[in-house]
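# Reading the structure
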Amino acid sequence: MSRLVGAELREKLDLSGCAHLLDVGGGTAINATNFAARWPDLRITIGDLPSIATAANEKVEKLGLADRVRAVSLDAFNDEFPTGCDGVLFAHFLEIWSPERVQALLAKAARALPPGGGIYVVTPRQDDDGTGPERAALLSAYFHTIASGEGMVYTGAEYEEWFRAVGIEPSGRLPLGADTVVITGRKA
């Protein structure tokens, strides 16, 4: 999923005010390497499972980005998120999980962020009234039955409600491609 919108995300998402980004579930550094190329002063920490973090660090090393990008072992459900970052990215990650798990992950992000810190949720787009696009229904069936048995494509309004519940003020929605959106917010 990150490869499909990666270039557009790199160009459209404004991270100029972010010094250190935590990429939760960042995999093998697709978004991190894209952002590092666009924002030369940005430091990025990828938090993922140990085997994924190892693979990400190998890739980052080969690309010569190890001075600014590193992956750490993180069990997003059982570990607190590392502090010291002023931005948290969830890219194609939250829709896999139930609303309760999403809210718990957003609460961890809020606890890790300083006041004014940003949150960026890259997710398939679902209309606020739940009527489309069609791809949202197809992906919801996949998340709910195959991927995790609990997720679905949530609306921007749901994410914004969850943001507010953990002290994050919604700040916008950035459309990417035909059916992806970045929902942004700032910690109060």
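Residues numbered from 1 in each chain as written. Predicted model: local features only at pLDDT ≥ 70, side-chain atom pairs only at ≥ 80, totals over all residues. Heavy atoms only, no water.

Our focus in this paragraph is the sheet that holds strand β2 (residues 43–48). Backbone-to-backbone hydrogen bonds join strands into a sheet, with any given pair of strands oriented parallel or antiparallel. Taken in spatial order, the seven strands make up an open sheet running β3-β2-β1-β4-β5-β7-β6, and their pairing is mixed. The sheet is open, and its two borders are formed by β3 (69–73) and β6 (168–176), each paired with just one other strand. The average angle at which neighbouring strand axes cross in this sheet is 20 degrees, direction not considered. Sheet topology places strand β5 (residues 118–124) next to strand β7 (residues 180–187); seven bridges connect them, and they run antiparallel. Considered in β7, the bridge of Thr123 is made with Val181. (Pairing = 2+ DSSP bridges. Helix = DSSP H or I, 4+ residues; strand = E, 2+ residues; numbered from the N terminus. Axes fitted to C-alpha atoms, helices over the stretch in contact; angles between N-to-C directions.)

Looking now at the layout of surface pockets. Over the atoms, a rolled probe matching the size of one water molecule traces out where space is still vacant. Of the voids in this model, the largest pocket is the one considered here, and its volume is about 310 Å³. Considering the residues around the largest pocket, the lining is formed by 19 residues, among which Gly25, His92, Phe93, Ile96 and Trp97 are closest to the centre. Of all the secondary structure elements, the ones that give two or more residues to the lining of the largest pocket are β2 and α5 (134–147). Here the lining of the largest pocket is built from residues that sort into 13 nonpolar, three polar and three charged. (1 Å grid on protein atoms, 1.4 Å probe; cavity = no way out; pocket = protein on both sides within 12 Å on 5 of 7 lines; lining within 4 Å. Points joined across faces, edges and corners; volume = space filled by probe spheres on them. Nonpolar A, V, L, I, M, F, W, Y, C, P; charged D, E, K, R; others polar.)

This part covers the nonpolar core. Across soluble globular proteins, nonpolar side chains have a tendency to be buried as a group. Grouped together as the largest cluster of nonpolar side chains are 32 residues, with contacts concentrated most on Val24, Phe81, Phe90, Leu94 and Leu106. Those elements giving two or more residues to this core turn out to be β1 (20–24), β4 (87–91), α4 (99–112), β5, α5, α6 (156–165) and β7. Ranked by residues supplied to this core, first place goes to α4 with six residues. With near-sequence residues (within four places) excluded, Leu106 lies in contact with Phe90, Leu94, Ile119, Val121, Trp162, Phe163 and Val166. (Core = buried A, V, L, I, M, F, W, Y, C linked by side-chain atoms within 4.5 Å. Buried < 20%, exposed > 50% of the residue type's maximum accessible area, 1.4 Å probe, protein only. Contact = heavy atoms within 4.5 Å.)

Bringing the pattern of salt bridges into the picture now. Counted under the stated rule, the structure contains eight salt bridges. With a shortest N-O distance of 3.7 Å, Arg38 and Glu11 are connected by a salt bridge. Residue Arg38 is found in helix α2 (residues 30–38), and its partner Glu11 is found in helix α1 (residues 2–12); the two are separated by 27 residues along the sequence. We classify Arg38 as partly exposed; its relative accessible area is 32%. Residue Glu80 is joined to Arg111 by a salt bridge in which the shortest nitrogen-to-oxygen separation is 2.9 Å. In this pair, Glu80 is assigned in the loop between β3 and β4 and Arg111 in helix α4, connecting sequence segments 31 residues apart. (Salt bridge = Lys/Arg side-chain N within 4 Å of Asp/Glu carboxyl O.)

Before going further, it helps to spend a moment on the packing of aromatic side chains. Ring pairs (aromatic) are described by centroid distance and by the angle formed between their planes. With the rule as written, the count across this model stands at seven aromatic pairs. Here Phe93 and Trp97 contribute two aromatic rings whose centre-to-centre distance is 6.1 Å and whose plane-to-plane angle is 65 degrees, an arrangement assigned as edge-to-face. When sorted by exposure, Phe93 lands in the same class as Trp97, which is buried. Taking 5.5 Å as the distance between ring centres and 80 degrees as the angle between the ring planes, the aromatic pair formed by Tyr159 and Trp162 counts as edge-to-face. Within this pair, Tyr159 and its partner Trp162 are both found in helix α6, separated by three residues, close to a single helical turn. Of the two residues, Tyr159 and Trp162, neither departs from the other in class, the shared state being buried. Here the aromatic cluster, defined as three or more aromatic residues joined through ring pairs, consists of Phe77, Phe81, Phe90, Phe93 and Trp97. One cation-aromatic arrangement involves Arg38 over Trp39; the distance from NZ or CZ to the ring centre is 4.3 Å. (Phe/Tyr/Trp six-rings, centres within 6.5 Å; stacked < 30°, edge-to-face > 60°. Lys NZ or Arg CZ within 6 Å of the ring centre and 35° of its normal.)

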